Amino acid sequence: FTQYIKDRNTADIIQMQNVESEDYINISKKIIEIENSIISGTDEYNQFYEINSEKIINSSSEREILELTGISTKLLLRNKYEINIIGDTAIYDNRRKHLKLNSNIEISSNETPIMFIKDLDINLSKKIIRSPGPVLVRYNDICIRGKEFEISDNGNKIKFTNGVNLKLKEISSCQLS
């Protein structure tokens, strides 16, 4: 497996070299762009998370902050319950292990979409998922529309705040506004 960096100053494709080699490039001082990347780790419960992205750019002056596009995130919660989160763009803070998704966010379980959200914050180390609003939950014939929500306690607690609208058997009118 070989990784490459595209040098934005010269538009050259550069092969990442070994640190000991004479032509080593110190990437901490460069703006780098990585395509089809994976960031993975474990949380405080020693459970797995993985963030796939079509593209990562470290364009911030803060080296720990990454911009991601084409995000697909997999979180393992209690009892091996897996949720998948996809979105268009995100900011990842590697120091805090925090992922903030910005647009067109969809949360699914077992490949069935259940939540649609505009903004989402994920604390990857504590597995706390928050949305300042709005959020739409569709499951079978239940529709929940809320302003804010939080999933915490390793997936055991889901809390809606600042107004919640629950509809039963009216799934056709269940849209994110």
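Preceding this paragraph is the structure being described.
Residues numbered from 1 in each chain as written. Predicted model: local features only at pLDDT ≥ 70, side-chain atom pairs only at ≥ 80, totals over all residues. Heavy atoms only, no water.

**Q** What exactly am I supposed to notice about the environment of leucine 166 here?
**A** Topologically, leucine 166 is positioned in strand β14 (residues 157-168). Taking C-alpha positions, leucine 166 is 5.8 Å from cysteine 143, a pair spaced 23 residues apart along the chain. Beyond its immediate stretch of four places on either side in the chain, leucine 166 contacts Ile142, Cys143 and Ile144. (Helix = DSSP H or I, 4+ residues; strand = E, 2+ residues; numbered from the N terminus. Contact = heavy atoms within 4.5 Å.)

**Q** How should the side chain of aspartate 93 be read in this particular structure?
**A** Inspection of the secondary structure assignment puts aspartate 93 in strand β6 (residues 81-93). According to the relative accessible area criterion, aspartate 93 is buried, its value standing at 5%. In this structure aspartate 93 touches Glu64, Ile65 and His98, once residues within four positions along its chain are discounted. (Buried < 20%, exposed > 50% of the residue type's maximum accessible area, 1.4 Å probe, protein only.)

**Q** Which parts of the structure should I look at to understand unusual backbone geometry?
**A** Note on backbone geometry: most residues besides glycine have negative phi, and most peptide bonds are trans. Despite not being glycine, lysine 97 has its phi angle at roughly 55°, a positive value. Within the secondary structure layout, lysine 97 lies in the loop between β6 and β7 (98-101). Since its relative accessible area comes to 27%, lysine 97 is described here as partly exposed. In this model, asparagine 104 sits at a positive phi of 50°, which is unusual for a non-glycine residue. Topologically, asparagine 104 is positioned in the loop between β7 and β8 (105-109).

**Q** I keep staring at the pairing of strand β5 (residues 65-77) and nothing clicks. Help me out?
**A** Side-chain direction in a regular strand flips from residue to residue, so the side chains alternate between the two faces of the sheet. Alignment of strand β4 (residues 48-57) against β5, held across 8 bridges, turns out to be antiparallel. By the bridge assignment, isoleucine 56 is partnered in β5 with leucine 68. Bridge analysis of β5 against β6 gives 12 bridges, and the strand direction is antiparallel. Within β6, the position partnered with lysine 74 by the bridge is asparagine 84. (Pairing = 2+ DSSP bridges.)

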